[in-house]
Amino acid sequence: MTFEPGDWVRVLPAEKPGHVRTPGYLKGKAGWIESFIGAFPNPEDLAYGLSGLPERPLYRVGFSQADLWDGYTGPVEDYLYADIYEHWLEPERGTT
Amino acid sequence: MGGVHDMGGSPAGPIDRVQHEVEDWERHADAINGALGAKGLQSTDQHRRAIESLEDYRDLSYYERWVAATEKLLVEKGVLTSDEIDERAAEIERRWNGP
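For the structure given in this document, a descriptive report is provided here.

Rules of the game
- Residues numbered from 1 in each chain as written.
- Chains lettered and ligands numbered in written order.
- Predicted model: local features only at pLDDT ≥ 70, side-chain atom pairs only at ≥ 80, totals over all residues.
- Core = buried A, V, L, I, M, F, W, Y, C linked by C-beta atoms within 7 Å.
- Buried ≥ 20, exposed ≤ 12 C-beta atoms within 10 Å, placed from the backbone.
- Helix = DSSP H or I, 4+ residues; strand = E, 2+ residues; numbered from the N terminus.
- Contact = placed C-beta atoms within 7 Å.
- Expected span 1.5 Å × (residues − 1).
- Axes fitted to C-alpha atoms, helices over the stretch in contact; angles between N-to-C directions.
- Parallel < 35°, antiparallel > 145°, perpendicular 65-115°, else oblique.
- Nonpolar A, V, L, I, M, F, W, Y, C, P; charged D, E, K, R; others polar.
- Pairing = 2+ DSSP bridges.

Some points on the nonpolar core
Phase 1 of the analysis: By size, the foremost hydrophobic cluster in this structure holds 11 residues: Val9(A), Val11(A), Leu26(A), Ile33(A), Leu58(A), Tyr59(A), Val61(A), Phe63(A), Ile84(A), Trp88(A) and Leu89(A).
Phase 2 of the analysis: Breaking this core down by element, the ones donating at least two residues are strand S1 (8-11) and strand S3 (56-64) of chain A.
Phase 3 of the analysis: For this core, the element with the most residues is S3(A), which contributes four residues.
Phase 4 of the analysis: If near-sequence neighbours (up to four positions away) are discounted, Trp88(A) is found in contact with Val11(A), Leu12(A) and Thr22(A).
Phase 5 of the analysis: In terms of nonpolar packing, the next biggest core, distinct from the first, is built from five residues, Ala50(B), Ile51(B), Ala69(B) and Leu73(B) among them.

Notes on helix H1 (residues 24-38) of chain B
All names here are of chain B.
Phase 1 of the analysis: Taking 1.5 Å as the rise per residue, H1 with 15 residues should run 21 Å; its terminal C-alpha atoms sit 21 Å apart, in good agreement.
Phase 2 of the analysis: For H1, a buried count of one out of 15 residues is recorded, marking the element as mostly open to its surroundings.
Phase 3 of the analysis: Downstream of H1 by a residue or two, Gly 40 has a phi angle that is positive, lying close to 75°.

With respect to the packing of helix H2 (residues 44-52) of chain B against helix H3 (residues 62-76) of chain B
Residue and element names in this part refer to chain B.
Phase 1 of the analysis: Contact geometry of H2 with H3 gives a least axis separation of 8 Å together with a crossing angle of 105°. Our classification of the angle between H2 and H3 gives roughly perpendicular. Between H2 and H3, the contacting residues are Gln 46, His 47, Ala 50 and Ile 51 on the first element and Arg 65, Ala 69, Thr 70, Lys 72 and Leu 73 on the second.
Phase 2 of the analysis: A per-class count over the contact of H2 with H3 returns four nonpolar, three polar and two charged.

Things to note about the sheet that holds strand S4 (residues 79-85) of chain A
Residue and element names in this part refer to chain A.
Phase 1 of the analysis: Within the open sheet, the five strands sit side by side as S4-S3-S2-S1-S5. Their pairing is antiparallel. Every interior strand has two partners, whereas the edge strands, S4 and strand S5 (89-91), have only one. Between one strand axis and the next, the sheet turns through 45° on average, direction left out of account.
Phase 2 of the analysis: By the bridge criterion, seven bridges tie strand S2 (residues 30-40) to S3 in an arrangement that is antiparallel. Within S3, the position partnered with Ser 35 by the bridge is Arg 60.

Considerations on the pairing of S2(A)
Across a regular strand the side chains alternate sides, sitting on one face of the sheet and then on the other.
Phase 1 of the analysis: Two elements, S1(A) and S2(A), share three bridges in a ladder whose sense is antiparallel. Paired with Arg10(A) across the strands is Ala30(A), a residue of S2(A).

Describing the environment of Ala66(A)
Residue and element names in this part refer to chain A.
Phase 1 of the analysis: Along the chain, Ala 66 turns up in helix H2 (residues 65-68).
Phase 2 of the analysis: By the C-beta count within 10 Å, which is 16 here, Ala 66 ends up partly exposed.
Phase 3 of the analysis: In the structure, Ala 66 is positioned 59 residues away from Asp 7 in sequence and 19 Å away in space, judged by C-alpha atoms.
Phase 4 of the analysis: Ala 66 has contacts with Tyr 72 and Val 76, leaving out every residue within four places of it along the chain.

This is the structure in structure tokens:
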């Protein structure tokens, strides 16, 4: 487990063909680790009948809605939480 | 760009909130998926991948996608052929329509 709750992370802006669970609207966006959910076989491999091993750490990541949508006019405390696998995250520096 | 299903945040109109009654064939679609999963012939991740790869994804309803993806997977795995599925469907339709 690489990240701790409270760590800032950024979702990789990668394009990967095939079955990807990471939503496109979160790619390239910064958020924080809300919690560690557990380690699970990689669904990107399970989708093709493979074992999905080794298991991949899965985190609940929080995002500010204002960071996700241009011209967002809702309350600043509007958050979005998404479950993102560790291999889709990189440490975010420069955000405190 | 992600797959055709990866449409979160895309521009869209109002949400259709009208409920519809679940139809019998939709219950069957759900039950068949459960049975195939229990027998190890299909997994949720495989089924999702097959759904996302349907060329007519946007034209299909929720359970139409389920059925089409299940057929695609079963053919892909060699469990059934398209002809076997079509013949069986035609037989059921004949029986349904009565003599």
